[in-house]
Structure formats: C-alpha cells, structure tokens
Amino acid sequence: MKIERLDKYMWRIPREGKMRVDAIVFTDAESVDDPQFREAMKQLMNVATLPGIVKYALAMPDIHWGYGFPIGGVAAFDAKDGIISPGGVGFDINCGVRLMKTDLTYEDVRDRLRAIVEAIYETVPAGVGARGDIVLGKKGLRKVLVEGAEWAVKAGYGLEEDLERIEDGGKIHPADPNYVSEEAFERGSDELGTLGAGNHFIEVQMVEEIYDRDLAEFFGLEVGTITIMIHSGSRGFGHQVATDYIRLMRDRLKEHNRDLPDKQLINAPFEHPLGQAYYSAMNCAANYAFANREILGHLVRKAFWKVFGKDTRVELIYDVAHNIAKVEEYEIDGKRKKLVVHRKGATRSLGPGNEKVPEIYREVGQPVIIPGDMGTASYLLIGTRKAEEKTFGSTAHGAGRVLGRSAALKRWSYREILDELERKNIIVMSKSKKTLVEEAPEAYKDVDRVVHIVHEIGISRKIARMVPLGVVKG
DNA sequence: ATGTCC
C-alpha cells in the first residue's frame, strides 16, 4: 500500500485500482506502521471504490477495523448518484454520547462517591438484554421512533430544556416506522432507558483541566466541576434494523452489489426505494437512541437528586450521535451539493454560525464530546469551520480499540482490571466481569493522543478535559 | 455493538 505524508498529521493513499477517490487519514507517524492500522486502511480503500463517493474517503485518528467500513471513518456520497450503506453507519445506529454538568464540585461529592455510583447502578438497567421499566406496544413505540427525545420528555423522562441541547433536537426525519420490521419492534419494546453492554458506560467525572477559559466559562465549567457522561445507543432495536437491511440489500440488490471488494460494504443507491427505506428506518433507530439517552440522562438526574437533594442542578450540555448517515449540503468544486455523509465512529463538528447549531450555541459552534474508554479521560471540544471545509464537518469520536475483545480476555483477569482502576481511585460497578475485562483501559488507544491530533489539525478545538471518579457499566 | 449463531 502506497501511503504519502502530506503534513504532520495528514496522510494520503493515492487512488489505485477500483478506487474512485483518494483515501485520506489524519494520524501521527507512530500509527502508520502499525499492522492493525494497515488493515483498517485497506477497508478505507475499499470504501473509496463505492459509487458516488465525493472528494475522498476519510479516516480520523481513532480509526480501527469495523464491519465493512472502518470505525473512525467518514464517507460522503452524492445524494443523486451515490449510495447509502448500513455498514457505513454501524450496527449500533446512533450510538452516541452526552455530557451533563452539575452545580456540584469535587469537594461536595468526594465523601459520597460510592453512594452516587451505587444509586446510578441501581437506577439504570444495564447489561446485554436488560429490560427497562418502560414497556411499549406497537403504537407507543411508533411514537418514540418519530418523536425521539421529545417523546421521553413528554413521558416525564427529561426536561423540556434538554431538547435544544441534543443534535438535531433529538428528532430526525424522515423517520417512517412502516419501514421497521416486526422483529425490531419486538426487540425495542422493553429496552428503552437501558444502558447496554460493551463500551457503553455512565461516568461521574470531574473537570481536571481547562484549555479555553472563555468557552469553558460559556459552558459553565471550572476545574473541579462534577460532570456526567453517558455513552449508549439504540440497543437491540438499531441492531435489528441494521441486520434487516443488510439482508434485504443482499437479497434484492444482487446485481448492484455484484463487484464489491468486500461483501460487508453492501449498499443501496440512495434514491432507490430500498435505500430510502433504510434511510427512514435508520432514522427511526436514531430517534430511539436519542430517546434512550434522554431517559438515561433523566434516571441519572434522579439518582443525583436522591443522593444530593432535589435542588441539585443536572443540566445537559450536549448530546451527539457518532454512528449515523445524514443528508447535508457542502460546497464541492464551487457548487453546493446534497451529500449522504456517513459518520461511523465520527462526530459532527460544525463551526460558529452554522444554522444547524442550536441558537443557544450558534455563536461559538457545536459542542463536540469525545469520551475515552473506561478509566481514562474524556473531552469537551468545539466544532470548527475548518472541519466544514476539510472533513464534511466531522471529527474523531473516541479512543478506538487496539486490542480485540477475546485478546483482552486472554491477557487480563477481572481482579487485575479492578485493581488498576482502584489504584486510579475510580469506583467501578459492572453487571458483567467479562465486559469489564474486555473494556480494559489498555485495550484502547490513548484518547489524549487522538484529541491532540484533531485539535492540532483544527477540525475541533479543546475546551476541557474530564477525568472519571465513578463508572457504571453493563 | 448484539436476546454475543440461522
């Protein structure tokens, strides 16, 4: 594979073979020689062969191997003659993360940390197949799929003021539940307000460092401020939507998908009825995930009220999607074009003045939230115009795995991971010992390095760094 | 990520 260095953190794999565009990756020199990085780059080169891809196939510094498309990848396709692909979104549709801030400081919580972690653990259902308190019939669930986070607020699981602090207001359209299978309805009926497993988590954090004083003040953050981060997605519902449409595209679009370099890149022309059906069903799953995180946020709020009193303020800063495809307009060769922007393990990063940024934040730009893995730091950043120009308004989404789940299980024991977190003074409660080992901090790339790169390139800028005090996992 | 295999 030919890889050219364009800049300190920018690399290019020039178009070759069936590639329609170059592949561009933002990372440091250290990563480029890594064999696992090369595997992910091969996937990015495959993405560059897909019909209608515009400008280049992009990878963020947290790139790693995924289903068909690499995780940490961004690919934009012309809405007229391009495609949409479930593998370019990921199985956990609208997996994402939200950051909330409290009016508490480290001094206020230090003696009751165990109590708040336990309260969250008891309030939030977690783990594979966990069921929530909300059980919906088909009619009820249809409303969730159309209304997203707004449904949660109406049902008493959230505050009205939360809604403008969620990407796209927590409600994306078109989202027609008629394109969603019975099986997805069944799986989704009792999983609202549940955390899930794997890398999903709820963390109680503390602001440890401020990089931009003005913006930190704008968001009400100081060193010592207690924040909460929630990482979850669309649970079994989104997984089923992805499975359904991968199968449908495989069965009904055989000719269109005949020459794929990898079967996992299965896709539909965006304008084809099946492409439109997936788009709508995917948006239903995105709304399910927005509702889910809104409910989780409110359950955590209740846990804080229980431990620290009902007058404790727990305010949402922002909630972002990092597995999604969206129709957005960008200027291509001097013309504005409608593109289907696939962000798979990538965060939208819009700059100041962009009309898609809610009014309350428009003057500064869109908040970007980049979580670390369990037991490491997380960041609040701000979106930039440079991202709109260079990366279809995108930046990184997190640390990125460097070690597979089964390899992690072979390498470490449950006790070792617990001890490691204890040494860092982090309280951890997990439903599954296995999950905890799979999510060992050392199984992930260093999030500080990832964030440093996106900040240096200028596709998002650092505001604050948070460190975990307590973690709840599935 | 996932009722962790149809």
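Residues numbered from 1 in each chain as written. Chains lettered and ligands numbered in written order. Predicted model: local features only at pLDDT ≥ 70, side-chain atom pairs only at ≥ 80, totals over all residues. Heavy atoms only, no water.

S.K.: Sorry if this is basic, but what is going on with the protein's contact with DNA strand B here?
M.R.: Taken together, 14 residues lie around DNA strand B, and R187, A197, N199, R235 and R405 are the ones closest in. A share of 55% is what sugar and phosphate atoms reach among the atoms of DNA strand B within 4 Å of the protein. Here a phosphate oxygen of DNA strand B sits 2.9 Å away from a polar atom, N or O, in the side chain of E191. Residue R235 places a side-chain N or O atom 2.6 Å away from a phosphate oxygen belonging to DNA strand B. Contributions of two or more residues to the surface near DNA strand B are made by α7 (182-188) and α9 (235-252). Classifying every residue of the surface near DNA strand B by side-chain character gives three nonpolar, six polar and five charged. (Near = heavy atom within 4 Å. Polar contact = N/O pair within 3.5 Å; in protein donor to acceptor, adjacent residues only side chain to side chain. Helix = DSSP H or I, 4+ residues; strand = E, 2+ residues; numbered from the N terminus. Nonpolar A, V, L, I, M, F, W, Y, C, P; charged D, E, K, R; others polar.)

S.K.: Help me understand the packing of helix α5 (residues 138-147) against helix α10 (residues 273-308) in this model?
M.R.: Two measures define how a pair of helices packs: the angle their axes make with one another and the distance between the axes. For the pair α5 and α10, the least separation of the axes is 7 Å and the interaxial angle reads 95 degrees. Classified by the angle between their axes, α5 and α10 sit roughly perpendicular to one another. Every residue of α10 that contacts α5 at L141, V144, L145 and V146 is listed here: N283, C284, N287, Y288 and A291. (Axes fitted to C-alpha atoms, helices over the stretch in contact; angles between N-to-C directions. Parallel < 35°, antiparallel > 145°, perpendicular 65-115°, else oblique. Contact = heavy atoms within 4.5 Å.)

S.K.: I would appreciate a short explanation of the nonpolar core in the present structure.
M.R.: Across soluble globular proteins, you tend to see nonpolar side chains buried next to one another. If you look at the biggest cluster of nonpolar residues, it comprises 146 residues, and the most contacted ones within it are I120, I202, F219, F304 and F392. When residues in this core are grouped by element, the largest group, 20 residues, is from α10. (Core = buried A, V, L, I, M, F, W, Y, C linked by side-chain atoms within 4.5 Å. Buried < 20%, exposed > 50% of the residue type's maximum accessible area, 1.4 Å probe, protein only.)

S.K.: Sorry if this is basic, but what is going on with the UniProt feature "active site" (unreviewed entry) in chain A here?
M.R.: Residues annotated by UniProt as "active site" (unreviewed entry) correspond here to H397. You can see H397 is positioned in the loop between β17 (394-395) and α12 (405-411). Looking at H397, the relative accessible area reads 12%, which means it is buried. Those residues in contact with H397 that sit more than four places away from it in its chain are D62, I71, H322, G345, A346, T347, I370 and P371. Within the local environment of H397, its side chain forms a polar contact with the side chain of D62, the two groups lying 2.6 Å apart. (UniProt positions renumbered as here; feature names shortened; annotations may be inferred.)

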